[in-house]
Amino acid sequence: MGVEAWKLEAIAKHIEGRVVDDSDRVEVCIKGTLLGFPVTLEAFRAGWPFGATFFLEIGDPGEGYKPVEADALNMTFYPRMTRGIYSFFARLLLLESKGQPIDEPRIKSNFLVAYNTRDLAERFVHFPGVLEKVLKLEHYAKFSELVVRTDAGISLSVPQNFNSLDIDVVKESFQCIGELGQIMFDNFQ
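I will try to describe carefully the structure that is included in this document. Keep in mind the model is a prediction, meaning the values are calculated, not measured. (Residues numbered from 1 in each chain as written. Predicted model: local features only at pLDDT ≥ 70, side-chain atom pairs only at ≥ 80, totals over all residues. Heavy atoms only, no water.)

## Notes on helix H1 (residues 5-14)
Rule in force here: Buried, partly exposed and exposed residues are distinguished by accessible area as a fraction of the type maximum, computed with a 1.4 Å probe on protein chains only: under 20%, between the cut-offs, and over 50%, respectively. By the criteria applied, helices consist of DSSP H or I runs no shorter than four residues and strands consist of E runs no shorter than two, each listed in order from the N terminus. This arc describes the spread of directions from the helix axis toward the C-beta atoms.
Residues Lys7, Leu8, Ile11 and Ala12 constitute the buried set of H1. Down the axis of H1, the buried set is contained in an arc of 130 degrees. They therefore lie on one face. In this structure, H1 carries Trp6, Glu9 and Lys13 as exposed residues pointing more than 90 degrees from its buried face. Downstream of H1 by a residue or two, glutamate 16 has a phi angle that is positive, lying close to 50 degrees.

## Description of the side chain of threonine 40
Our working rule: Only heavy atoms matter for contacts: two residues are in contact if any of them lie within 4.5 Å across the pair.
Along the chain, threonine 40 falls in strand E3 (residues 37-43). Ignoring any residue separated from it by four or fewer positions in sequence, one finds threonine 40 in contact with Cys29, Ile30, Lys31, Thr53, Phe54, Phe55, Glu57 and Phe174.

## Topic: the environment of glutamate 104
Following the sequence through the fold, glutamate 104 ends up in the loop between helix H2 (85-92) and helix H3 (105-110). A sequence separation of 27 residues divides glutamate 104 from leucine 131, and the C-alpha atoms of the two residues are 9.2 Å apart.

## Topic: the packing of helix H5 (residues 130-141) against helix H6 (residues 167-187)
For the record, the criterion: Throughout, an axis means a line fitted to C-alpha atoms (over the contacting stretch in the case of helices), and angles, computed between N-to-C directions, take values from 0 to 180 degrees. Roughly parallel refers to an angle under 35 degrees, roughly antiparallel to one over 145, roughly perpendicular to one between 65 and 115, and oblique to any angle outside these ranges. We call a crossing left-handed when the near helix sits turned anticlockwise from the far one by less than a right angle, and right-handed when that turn is clockwise. Basically, the charged four are Asp, Glu, Lys and Arg, the nonpolar ten are Ala, Val, Leu, Ile, Met, Phe, Trp, Tyr, Cys and Pro, and anything else, Gly included, counts as polar.
Relative orientation of the contacting elements H5 and H6 amounts to 160 degrees, with a least axis distance of 10 Å. Judged by the inter-axis angle, H5 sits roughly antiparallel to H6. Handedness of the crossing formed by H5 with H6: left-handed. Side by side, H5 and H6 meet where Val130, Lys133, Val134, Lys136, Leu137, Tyr140 and Ala141 of the first sit next to Val169, Glu172, Ser173, Cys176, Ile177, Glu179, Leu180 and Ile183 of the second. Of the residues belonging to the contact of H5 with H6, the class tally is ten nonpolar, one polar and four charged.

Written as structure tokens, this is what we have:
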């Protein structure tokens, strides 16, 4: 089963973009803009078992990869495999790490987090609207990893393959990362 062309075009239209032929690297590549930020949806392969990744870029996209700036936040959210009383047993059996500490109960109960600077991480998760957007992304996209770099952008990885992704989930995910990008650009640059 190949790539669903109608889905490619629908997503490209939503992000005011285009389908890019980058078949030497990935089977699915859609580039566009959302709220003035360059955004991309990529999938190594469109079918199972490969997931999809959403990107939002802040700054100059032509620079390519750059190391994290000293005053920038690099924070990663991973959904917890187990919650509640079962999380204790998961840590005891070494199935899940404890993660780095964060002073936000809803983050602690739903995510494992890793960051480079605790003060910036606390400021970020407590900033108005951020927690709601992260929880909304987890609810709709069921992401496996959310990486936030205030100097570079956002990367959202989902375990669903491109062909099984619901178009409304894609739209909602792009909307949330666009709003998170706007918060980062306005308040963390």
